[in-house]
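If you want the building blocks of each chain, they are given just below.
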Amino acid sequence: MSDRYEYVPHRLLRRRVRDIASGVEGELMAVINENVFDAGVERWMELAYIRGASGREFTTSVANVQPA
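Presented here is a report on the structure given in the accompanying data block. It should be emphasised that the depicted structure is a prediction, and the values quoted were computed from it without experimental measurement. (Residues numbered from 1 in each chain as written. Predicted model: local features only at pLDDT ≥ 70, side-chain atom pairs only at ≥ 80, totals over all residues. Heavy atoms only, no water.)

### Examining the environment of Val65
Mapped onto the elements of the fold, Val65 is located in strand E6 (residues 65–67). Val65 gets classed as buried once you look at its relative accessible area, which sits at 13%. Sequence spacing of Val65 and Ser22 is 43 residues, and the spatial spacing of their C-alpha atoms is 10 Å. The residues touching Val65, leaving out its near neighbours within four places in the chain, are Leu12, Val17, Arg18, Ala48, Ile50 and Thr60. (Helix = DSSP H or I, 4+ residues; strand = E, 2+ residues; numbered from the N terminus. Buried < 20%, exposed > 50% of the residue type's maximum accessible area, 1.4 Å probe, protein only. Contact = heavy atoms within 4.5 Å.)

### What to know about the pairing of strand E2 (residues 16–19)
Side chains of E2 alternate between two faces, with Val17 and Asp19 buried and Arg16 and Arg18 left unburied. Examined bridge by bridge, E2 and strand E3 (residues 25–35) share three bridges and lie antiparallel to one another. Residue pairing in the sheet places Arg16 in a bridge with Glu27 of E3. Linkage of E2 to E3, two consecutive antiparallel strands, is achieved through a turn of five residues, within which Gly23 is found at a positive phi near 80°. (Pairing = 2+ DSSP bridges.)

### Notes on the nonpolar core
Core analysis: the largest hydrophobic core is formed by nine residues, namely Val8, Leu12, Val17, Leu28, Val31, Ala48, Ile50, Val62 and Val65. Elements with a contribution of two residues or more to this core: E3 and strand E4 (44–52). Here Leu28 is in contact with His10, Leu12, Leu13, Arg14, Arg15, Val17, Ala48, Tyr49 and Ile50, once residues within four sequence places are set aside. (Core = buried A, V, L, I, M, F, W, Y, C linked by side-chain atoms within 4.5 Å.)

### Describing unusual backbone geometry
A positive phi angle, near 65°, is found at Arg14, a position not held by glycine. By the secondary structure assignment, Arg14 is in the loop between strand E1 (6–7) and E2. With a phi close to 50°, Ala39 is a non-glycine residue in the positive phi region. Accessibility expressed as a relative area gives 75% for Ala39, which makes it exposed.

### So, the pattern of salt bridges
Evaluated as defined, the whole model comprises four salt bridges. Arg18 is paired through a salt bridge with Glu25; the nearest N and O atoms lie 2.6 Å apart. Assessed through its relative accessible area of 25%, Arg18 is described here as partly exposed. Note that Glu57 and Arg51 form a salt bridge whose closest N and O atoms lie 2.7 Å from each other. With relative accessibility at 38%, the residue Glu57 sits in the partly exposed group. Residues participating in the shared-partner salt-bridge network are Arg16, Arg18 and Glu25. (Salt bridge = Lys/Arg side-chain N within 4 Å of Asp/Glu carboxyl O.)

Read these as layout, nothing more, since geometry by itself doesn't imply function.
Written out as structure tokens, the structure is:
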């Protein structure tokens, strides 16, 4: 597999969303296919970048994103 990160289109980009894992709401800024290398194992997953009210962005699994 390629070692490049890729932006992934998502229907909620630039919309208000909620991370169901934390309950935090914000604007979905990007969805990126990233290597979440852990304990010597390469694993790729789609991460959602959400910008909260404070202006800081955090990541969560795309499966945790729903419209707010």
